[in-house]
Amino acid sequence: MSVLAETLLGDGRALRIVEPTAADAEAICGLIREAFGNRPVVDPPPPALSETPEGVIAALAGGFGVLALVDDQPAGVVIVSVDGPMAGIHRVSVRPQYQRQGIASALVEVAIELLTLRGTSGVELVAREEFPQVVSWWRRHGFVEVARQGTSLTLARQLPVRLAAPTAEDTQAIGRRLARVLRAGDVVIASGDLGAGKTTLTQGIGAGLEVAGSIISPTFVLSRVHPSTVGGPALVHVDAYRLGSAAELEDLDLDVSLDDSVTLVEWGAGVAEGLAEDYLEVDIRRTLDPADDTRWIFLTPIGERWTSVRAELEAL
Ligand SMILES: Nc1ncnc2c1ncn2[C@@H]1O[C@H](COP(=O)(O)OP(=O)(O)OP(=O)(O)O)[C@@H](O)[C@H]1O
Ligand SMILES: [Mg+2]
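Residues numbered from 1 in each chain as written. Chains lettered and ligands numbered in written order. Predicted model: local features only at pLDDT ≥ 70, side-chain atom pairs only at ≥ 80, totals over all residues. Heavy atoms only, no water.

## Overview of the pattern of salt bridges
Tallied over the entire structure, the rule returns 10 salt bridges. The closest approach of N and O atoms between Glu-130 and Arg-128, which form a salt bridge, is 3.3 Å. Here Glu-130 falls in the partly exposed class, since its relative accessible area comes to 31%. For Arg-128, a relative accessible area of 13% corresponds to the buried category. (Salt bridge = Lys/Arg side-chain N within 4 Å of Asp/Glu carboxyl O. Buried < 20%, exposed > 50% of the residue type's maximum accessible area, 1.4 Å probe, protein only.)

## A look at the domain arrangement of the protein chain
Each domain of the protein chain was delimited in the assignment, giving domain 1 (2-158) and domain 2 (161-314). Measuring from the centre of the C-alpha atoms in domain 1 to the corresponding centre in domain 2 gives 33 Å. Contacts between the two partners involve 6 residues from domain 1 and, on the opposite side, 7 residues from domain 2. For the domain 1 face of the interface with domain 2, the top three residues by lost area are Thr-116, Leu-117 and Gln-158, together amounting to 75%. Our count for the domain 1 to domain 2 interface comes out at 3 residue pairs in polar contact (both at pLDDT 80 or more). (Domains from an automatic or database assignment. Contact = heavy atoms within 4.5 Å. Buried area = accessible area lost by both parts, 1.4 Å probe. Polar contact = N/O pair within 3.5 Å; in protein donor to acceptor, adjacent residues only side chain to side chain.)

## Concerning the sheet that holds strand S4 (residues 73-83)
The strand order across the open sheet formed by 8 strands is S1-S2-S3-S4-S5-S6-S8-S7, and the pairing between neighbours is mixed. The open sheet terminates on both sides in strands that have one partner only, identified here as strand S1 (2-8) and strand S7 (144-149). Across this sheet, the average inter-strand angle for adjacent strands is 25°, counted without regard to direction. Here S4 pairs with strand S5 (residues 86-94) via 7 bridges, running antiparallel. Bridge pairing links Val-77 to Ser-93 in S5. Contacting S1, strand S2 (14-19), strand S3 (63-70), S4, S5, strand S6 (122-128) and strand S8 (152-158), helix H3 (residues 103-118) runs over the sheet at an angle of about 145° to S3. Here helix H4 (residues 132-140) sits on the sheet and contacts S5, S6, S7 and S8; the angle it forms with S6, its principal contact strand, is near 165°. (Pairing = 2+ DSSP bridges. Helix = DSSP H or I, 4+ residues; strand = E, 2+ residues; numbered from the N terminus. Axes fitted to C-alpha atoms, helices over the stretch in contact; angles between N-to-C directions.)

## Details of the site of ligand 1
Surrounding ligand 1, one finds 18 residues, the nearest of these being Thr-171, Gly-195, Lys-198, Thr-199 and Thr-200. At a separation of 2.9 Å, an oxygen atom of ligand 1 approaches a polar backbone atom of Gly-197. Here an oxygen atom of ligand 1 and a side-chain polar atom of Thr-199 are 2.8 Å apart. In isolation ligand 1 exposes 640 Å². Once the protein is present, 74% of that is buried. Within the residue set of the shell around ligand 1, elements represented by two or more residues are helix H5 (168-181) and helix H6 (198-209). Per-element accounting of the shell around ligand 1 gives the leading share, 3 residues, to H6. Classifying every residue of the shell around ligand 1 gives 6 nonpolar, 7 polar and 5 charged. (Near = heavy atom within 4 Å. Areas by Shrake-Rupley, 256 points an atom, 1.4 Å probe, with all protein chains shown as cover. Nonpolar A, V, L, I, M, F, W, Y, C, P; charged D, E, K, R; others polar.)

Structure below.
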């Protein structure tokens, strides 16, 4: 059992998240049956109610499990199936006495992180419409409905493409290559802490698009338009750091130039999603080692425009 994450629960107890092995199948099976048996009855009953240790062993072999231990006792589990570039989340189970402490969220987050590291492009699951709170829980975790059969909804979420940029020049070079994928009407929403490298990436994009004017953190102006020098789209560079809401962003009258420019919004998460139905989400993160300048750049394609160019993003 390898330890994947460790944290403390609100009540001070230790939560350890581990990758289980076939030896844990019996305990996992009991946990799944207990969690699903505690839910209101639905018709048809979920297959999880008739889970067996053999079924768990087969499921672990077709992907992996993520098991939560509270003070070393099994408290929750998620089983992930992996099928080429796609993955499925199954049997999300938390024993009744451990519920409402964020254990399911922690399990799903770890599962999604592992899938991102493997380069998986998307993840799906089935949720029952009879449990609207469960469906909205998945929506809060970024899942959207993609299909339905009876009362079973298929919910899916795109996973980010992960790129490493050891130096600021590498981040700029990724921006330059990303510019080749960008076209008029595109919206890029960048997030990441102060000094993460959002402006540095934008400088690369500006160089790649061949736009005029130097790209700097737009601290005093909220947005700056960089016209193309080669007859291509302009770059609209917005800093939403001091914008409190989407309404304030709309007050900038960005719409006038949205269709014929590339719009990049720094600090745009939670503010700029309304600008377009399809957008590229960019999240830049440092490593845990302060002596290491490497940035991890996560690109999440949202909508058809971006999912259709996922392979190009992976090749950046
Ligand atoms: N691998 C790297 N990628 C990007 N920037 C790096 C890297 N290594 C070091 N740096 C430095 O980190 C700083 C990033 O600053 P930048 O202004 O791009 O961040 P930002 O995310 O736009 O910050 P703010 O939130 O203040 O706008 C720059 O000084 C850059 O030279
Ligand atoms: Mg900046």
